[in-house]
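This is what each chain is made of:
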Amino acid sequence: MLPRVVATAYLTPLREGGSLPGLVEADDLGTYVVKFTGAGQGPKALVAEIVVGELGRALGVAIPELALIEVDPEIGRREPDQEVQDLVTASAGTNLAVDFLPGSVGYDAAFEVPDRVAASVVWLDAFVANVDRSARNTNLLIWHRQLWAIDHGACLRFHHAWGSVAAFAGSAYNYSDHVLAERGDPRTVHEELSRGVTADLLADVLDQVPDAWLRPDPTRPDARAPADADAARSAYGEYLTARLAAADRWLP
Ligand SMILES: Nc1ncnc2c1ncn2[C@@H]1O[C@H](COP(=O)(O)OP(=O)(O)OP(=O)(O)O)[C@@H](O)[C@H]1O
Ligand SMILES: [Mg+2]
């Protein structure tokens, strides 16, 4: 299960992120990048962060550790920006904490990425349909001379409108928009990584998502959305298993 921590201080907003994540200190003395349930992207973005983050890490992609963090809106009280105050207030309760990588810098093309690392990131992104790894917004950090993948909130787009499993599973991936596509060929790791995505791993990863984030979102009614958290876990499993089986449609 994901560790649980309690936020003790809101340090500063990370304004380069569209969802206005915050740098937050917690009761384990750790510093985290907190992604808030009250952000415009909604709790589904946090579901994608956990599912893809935990899946990717299990497959060997370097991804900062995740935790669940309790936020009392009081911690934002001294923050002068009203937008931050409102976001923290709207996010009272459980949120997602990403281990902060201090001193990390954004990826740039001069950094040498081993073929296998690049291929694994590209494979993961193609599998989960990540549209957020472009040259303009790489969502890749360099830390301790290693490449780290962050920001998986835009993956798994099927959960925003629960349509046909086959349509999602067989949709092609736009490699031309991926910053590492020229550096790593996902076909070179496909056999190994796809073997790693077992039913047990999918179940483990989905178990880590809080029920509240999996329930139908009353602010975004969708008649086809799974009725409760366990139905949602089965549905994610079904879409991802079908995607894996349709790899010939999304590999280059
Ligand atoms: N774990 C981390 N360690 C260090 N810096 C981080 C970490 N996570 C995020 N950041 C910094 O904060 C920025 C915003 O984070 P992130 O991309 O996750 O937020 P977002 O709101 O989802 O962004 P986007 O605008 O791409 O949707 C990153 O570009 C990076 O500079
Ligand atoms: Mg980002």
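### Considering the sheet that holds strand β7 (residues 140–143)
Strand pairing in a sheet takes place through backbone hydrogen bonds and is either antiparallel or parallel in direction. Across the sheet, which stays open at both edges, the 3 strands sit in the order β6-β7-β8 with antiparallel pairing between neighbours. Each of the sheet's edge strands pairs with one partner strand only, and the pair in question is β6 (105–106) and β8 (146–149). Bridge count for β6 against β7 is 2 bridges, and the pairing is antiparallel. Looking at β7, one finds that Val105 is bridged to Ile142.

### What about the sheet that holds strand β1 (residues 4–13)?
Spatial ordering of the closed barrel is given by β1-β2-β3-β5-β4, a layout of 5 strands whose pairing is mixed. Across this sheet, the average inter-strand angle for adjacent strands is 55°, counted without regard to direction. Note: β1 against strand β2 (residues 22–26), 5 bridges, orientation antiparallel. If you follow Thr12 over to β2, its bridge partner there is Leu23.

### Re the packing of helix α3 (residues 115–128) against helix α8 (residues 229–245)
In contact at an axis separation of 9 Å, α3 and α8 are set at 120° when each is read in the N-to-C sense. If you check the angle between α3 and α8, you find them oblique. Residues Trp123, Ala126 and Phe127 of α3 lie in contact with α8, whose contacting residues are Leu240, Arg243 and Leu244. Residues of the contact of α3 with α8, tallied by class, amount to 5 nonpolar, no polar and 1 charged.

### Digging into the pattern of salt bridges
Counted by the stated rule, this structure contains 15 salt bridges. The closest approach of N and O atoms between Arg195 and Glu191, which form a salt bridge, is 3.6 Å. Within this pair, Arg195 and its partner Glu191 are both found in helix α5 (residues 190–196), separated by 4 residues, close to a single helical turn. Via salt bridges that share partners, Lys35, Glu49 and Asp151 belong to a single interconnected network.

The rules behind the values
- Residues numbered from 1 in each chain as written.
- Chains lettered and ligands numbered in written order.
- Predicted model: local features only at pLDDT ≥ 70, side-chain atom pairs only at ≥ 80, totals over all residues.
- Heavy atoms only, no water.
- Pairing = 2+ DSSP bridges.
- Helix = DSSP H or I, 4+ residues; strand = E, 2+ residues; numbered from the N terminus.
- Axes fitted to C-alpha atoms, helices over the stretch in contact; angles between N-to-C directions.
- Parallel < 35°, antiparallel > 145°, perpendicular 65-115°, else oblique.
- Contact = heavy atoms within 4.5 Å.
- Nonpolar A, V, L, I, M, F, W, Y, C, P; charged D, E, K, R; others polar.
- Salt bridge = Lys/Arg side-chain N within 4 Å of Asp/Glu carboxyl O.

Read these as layout, nothing more, since geometry by itself doesn't imply function.
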